[in-house]
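# Tertiary structure, described
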Amino acid sequence: MLVTGLEILRKARAEGYGVGAFNTNNMEFTQAILEAAEEIKSPVILALSEGAMKYGGRALTRMVVALAQEARVPVAVHLDHGSSYESVLKALREGFTSVMIDKSHEDFETNVRETKRVVEAAHAVGVTVEAELGRLAGIEEHVAVDEKDALLTNPEEARIFMERTGADYLAVAIGTSHGAYKGKGRPFIDHPRLARIAELVPAPLVLHGASAVPQELVERFRAAGGEIGEASGIHPEDIKKAISLGIAKINTDTDLRLAFTALVRETLGKNPKEFDPRKYLGPAREAVKEVVKSRMELFGSVGRA
Ligand SMILES: O=C(COP(=O)(O)O)NO
Ligand SMILES: [Ca+2]
Ligand code: NA
Ligand SMILES: [Zn+2]
């Protein structure tokens, strides 16, 4: 059933588990994510970036909202990294039940003002809001404290920000970053900082840039002809610890892309004569479904629907 992001995330934070927010741009990803959620009875968030909205248009948004309504588990349809008030309005018009306004690159007062404006509009139509404070950036552990404070989320600021904006959940910067190159080896995650934020912010917390970029997937992608450098992601233990400290929504995009693309390359490589798209998109869909299920097991959301 189609629910708001807060309905899913409030329960997750209260009961100490995480819920995956998985990016989708097409039918196969959407099917894979929803089938995984229904099979293991997990709530789930379907995330569409502005790029996805542009790429898929109404074919994508109508499909995602309709399938979420019919799903046998709680599903929120979420605008990922909304960059403007107008972009949020478009998502609200499409029937999304969760919207992110990402003004974390602006100064504090601008972020507060813009986020507050989105909260008023979204709450007026029963939709909940994700905001962001801090700059997502992989940082080495030894980085000076003042530089960390300039980049990562400041706990006291977070409390004030949430009180002044009325946002429903907060994306925090604690060392993760988007994409396949999150740092050399095991990225540094500032758990003490997260613990402090969670003490001051009762709202569900969100972890962006949370893909694991597992070596076996990187190897499989390379073996199938893909080219990728020294890739590394967030260690599963760091994800579990972050959830125990208050992270309730975990964003995963890169792992799904790597799995899908590795399988398309593999299937095409093995079957040069094949030109029925279902024959190479189908196996890729299955690979995404497996990644989604393993992420849900890691987050502890299995059986929570
Ligand atoms: O934060 C993400 C995805 O992060 P990854 O690149 O680690 O999958 N989307 O908003
Ligand atoms: Ca941001
Ligand atoms: Na988001
Ligand atoms: Zn993100």
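Residues numbered from 1 in each chain as written. Chains lettered and ligands numbered in written order. Predicted model: local features only at pLDDT ≥ 70, side-chain atom pairs only at ≥ 80, totals over all residues. Heavy atoms only, no water.

- The protein chain has the name Tagatose-bisphosphate aldolase in an unreviewed UniProt entry, where Thermus parvatiensis is given as its organism.

### Topic: the coordination of the sodium ion (ligand 3)
- Coordination sphere of the sodium ion (ligand 3), protein contribution only: His78 (NE2), Asp80 (OD), Glu130 (OE), Glu130 (OE) and Lys249 (NZ), at 2.5 to 3.1 Å.
- Site description for the sodium ion (ligand 3): donor spacing in sequence, H-x1-D-x49-E-x118-K.
- Between the two metals, the sodium ion (ligand 3) and the zinc ion (ligand 4), the spacing is 5.5 Å.
- Judged by relative accessible area, which is 0%, histidine 78 ranks as buried.
- Judged by relative accessible area, which is 7%, aspartate 80 ranks as buried. (Donors = N, O, S within 2.8 Å, 3.2 Å for Na, K, Ca; no water. Buried < 20%, exposed > 50% of the residue type's maximum accessible area, 1.4 Å probe, protein only.)

### Brief notes about the packing of aromatic side chains
- One pass over the structure, following the stated rule, counts two aromatic pairs.
- When the ring of phenylalanine 29 is compared with that of phenylalanine 260, the centres are 4.8 Å apart and the planes differ by 45°; the resulting orientation is tilted. Within this pair, whereas phenylalanine 29 is found in helix α2 (residues 27–39), its partner phenylalanine 260 is found in helix α11 (residues 254–270), the two being separated by 231 residues in sequence. Each of the two residues, phenylalanine 29 as well as phenylalanine 260, counts as buried.
- Note that arginine 117 overlies the ring of tyrosine 85, its terminal NZ or CZ placed 3.7 Å from the centroid. (Phe/Tyr/Trp six-rings, centres within 6.5 Å; stacked < 30°, edge-to-face > 60°. Helix = DSSP H or I, 4+ residues; strand = E, 2+ residues; numbered from the N terminus. Lys NZ or Arg CZ within 6 Å of the ring centre and 35° of its normal.)

### As for helix α12 (residues 277–299)
- An ideal rise of 1.5 Å per residue puts 33 Å on 23 residues; α12 measures up with 33 Å between its terminal C-alpha atoms.
- Sitting at the head of α12, aspartate 276 places a side-chain oxygen 2.8 Å from the backbone nitrogen of arginine 278. (Expected span 1.5 Å × (residues − 1). Polar contact = N/O pair within 3.5 Å; in protein donor to acceptor, adjacent residues only side chain to side chain.)

### Re the pairing of strand β6 (residues 169–172)
- Of the two faces of β6, the one holding Tyr169 and Ala171 and the one holding Leu170 and Val172 are both buried throughout.
- Where strand β5 (residues 128–133) lies against β6, four bridges are found, and the strand directions are parallel. Along β6, the bridge assignment pairs leucine 133 with valine 172.
- As paired elements, β6 and strand β7 (residues 205–207) share three bridges and run parallel to each other. Counted as the bridge partner of alanine 171 is valine 206 from β7.
- Following the chain from β6 across helix α8 (residues 191–200) to the adjacent parallel β7, one finds a crossover that is right-handed. (Pairing = 2+ DSSP bridges. Right-handed = clockwise from strand over helix to strand, strands pointing away.)

### What to know about the UniProt feature "binding site: dihydroxyacetone phosphate" (unreviewed entry) in the protein chain
- UniProt tags Gly179, Gly209, Ala210, Ser211, Asn251, Thr252, Asp253 and Thr254 as "binding site: dihydroxyacetone phosphate" (unreviewed entry). Their sequence span is 76 residues, while the largest C-alpha to C-alpha distance among them is just 11.3 Å; these annotated residues converge on one region.
- Within the secondary structure, glycine 209 is located in the loop between β7 and α9 (215–223).
- For glycine 209, a relative accessible area of 5% translates into the label buried.
- Topologically, alanine 210 is positioned in the loop between β7 and α9. (UniProt positions renumbered as here; feature names shortened; annotations may be inferred.)

### Points about the environment of lysine 279
- Tracing the backbone shows lysine 279 in helix α12.
- Counting along the chain gives 268 residues from lysine 279 to lysine 11, while the straight-line C-alpha distance between them is 40 Å.
- Those residues in contact with lysine 279 that lie beyond four places of it in its chain are Thr267 and Glu274. (Contact = heavy atoms within 4.5 Å.)

### Quick notes on the nonpolar core
- By size, the foremost hydrophobic cluster in this structure holds 83 residues, and its most contacted members are Val99, Leu205 and Ile239.
- Per-element accounting of this core gives the leading share, nine residues, to α12.
- Excluding residues that lie within four positions of it along the chain, isoleucine 239 makes contacts with Leu207, Ala210, Ile234, Ile250, Arg295, Leu298 and Phe299.
- Grouped together as the second largest cluster of nonpolar side chains are 15 residues, Ile8, Leu9, Ala12 and Ala248 included. (Core = buried A, V, L, I, M, F, W, Y, C linked by side-chain atoms within 4.5 Å.)

### Examining the coordination of the calcium ion (ligand 2)
- Protein-derived ligands of the calcium ion (ligand 2) are Asp102 (OD), Asp102 (OD), Ser104 (OG), Glu132 (OE) and Glu132 (OE), with the metal-ligand distances lying across 2.4 to 3.1 Å.
- Here the donor residues for the calcium ion (ligand 2) map to a single chain with the spacing D-x1-S-x27-E. Placement of the pair is serine 104 in the loop between β4 (98–101) and α5 (108–124) and glutamate 132 in strand β5, with a sequence separation of 28 residues.
- Given a relative accessible area of 2%, glutamate 132 falls into the buried group.

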